[in-house]
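Listed here are the chains, written in short residue letters.
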Amino acid sequence: MNPAQEWDPAQYAQGASFVPKLGEAALAWLAPQPGERILDLGCGDGALTQKLCEAGCEVVGVDASAAQVSAARARGLTAHCANGEALNFLAEFDAVFSNAALHWMKNADAVLSGVRRALRPGGRFAGEFGGKGNVAQVQAALEAELAARGLDGAALNPWFFPSAEEYAARLAQHGFSVQRITLFPRPTPLPGDLCEWLNIFATPYLNALPPAERQSFCQSVQHRLTPTLRLKDGTWQADYTRLRFAAQL
């Protein structure tokens, strides 16, 4: 997973509360049943982990961010720090769920190997994450601004955004039968401006710059995207494209 990406639970709760809210649709594809033991992969601050618990499931959350794990534990949840590309569970879950996390794990085959090991025979894997074309305009603006400063933005790209066909093939290679998979555009209203989004979700790019330059950099990126991502009422939306799937061993 990407160590350059940093998470501040308070900042996340304020500026990214839409993430778990919009992830509830993926929970419906999981169809959790009372009494099931479920692994929440990339649980963040535990907002959706808590929903699974409320559905009567026994849930273990894992996340690479110690700060987010602490926030999840503060909700009374069972959560541990773990690298999603090196899961060490063995046949102990009925299902694995993941929302808005798999695109931070670029070694998808390592993730899928770990998920398969974690599942019991017949186990399910469902979730949602960024797919092909996700935040393409934002990424292009980030890389253009970094290039203007003599930096290779493409080399800093922290994300894995596959097509539905690519991810379905990877799932099949790891022994999963794909029940449903879809790639769909979801322009997403932001609670703040684009600079706030960048400070939450684009720290691998920002960390390439001296701290004193980061604010002006974000403002330059925002200026580039004003014609396309700022709405007439002054609010902002991100050009999200999501990949939602449900598969079974």
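Cut-offs applied
Residues numbered from 1 in each chain as written. Predicted model: local features only at pLDDT ≥ 70, side-chain atom pairs only at ≥ 80, totals over all residues. Heavy atoms only, no water. Phe/Tyr/Trp six-rings, centres within 6.5 Å; stacked < 30°, edge-to-face > 60°. Helix = DSSP H or I, 4+ residues; strand = E, 2+ residues; numbered from the N terminus. Buried < 20%, exposed > 50% of the residue type's maximum accessible area, 1.4 Å probe, protein only. Polar contact = N/O pair within 3.5 Å; in protein donor to acceptor, adjacent residues only side chain to side chain. Contact = heavy atoms within 4.5 Å.

S.K.: How do you make sense of the packing of aromatic side chains when you look at a structure like this?
M.R.: Enumeration according to the criterion identifies 13 aromatic pairs in this entry. Considering the side-chain rings of Tyr167 and Phe245, the 5.3 Å spacing of their centres and the 65° angle between planes classify their relative orientation as edge-to-face. Of the two residues, Tyr167 is situated in helix H7 (residues 164-173) and Phe245 in strand S9 (residues 241-248); the sequence distance between them amounts to 78 residues. With respect to burial, Tyr167 and Phe245 carry one shared label: buried. The interplanar angle of 65° and the centroid separation of 6.5 Å between the aromatic rings of Trp197 and Tyr240 together place this pair among those described as edge-to-face. Of this pair, Trp197 sits in helix H8 (residues 194-201) while Tyr240 sits in the loop between strand S8 (237-238) and S9, and the two are 43 residues apart along the sequence. Neither residue differs from the other here; Trp197 and Tyr240 are each classed as buried.

S.K.: Any chance you could explain unusual backbone geometry here in plain terms?
M.R.: Most peptide bonds are trans, and most residues other than glycine sit at a negative phi. Although it is not a glycine, Ala31 sits at a positive phi angle of roughly 55°. Take Ala31: it is sitting in the loop between helix H2 (18-30) and strand S1 (37-41). Despite not being glycine, Ala91 shows a phi value in the positive range, around 50°. Of note, Ala91 is situated in the loop between strand S3 (79-81) and strand S4 (93-99). Here Ala91 falls in the partly exposed class, since its relative accessible area comes to 41%.

S.K.: Would you explain the side chain of Asn134 in this entry?
M.R.: With respect to the element layout, Asn134 can be found in the loop between strand S5 (119-130) and helix H6 (136-148). At 3.3 Å, the side chain of Asn134 forms a polar contact with the side chain of Arg242. Among residues more than four places away in sequence, those in contact with Asn134 are Phe161, Asp239, Tyr240, Thr241 and Arg242.

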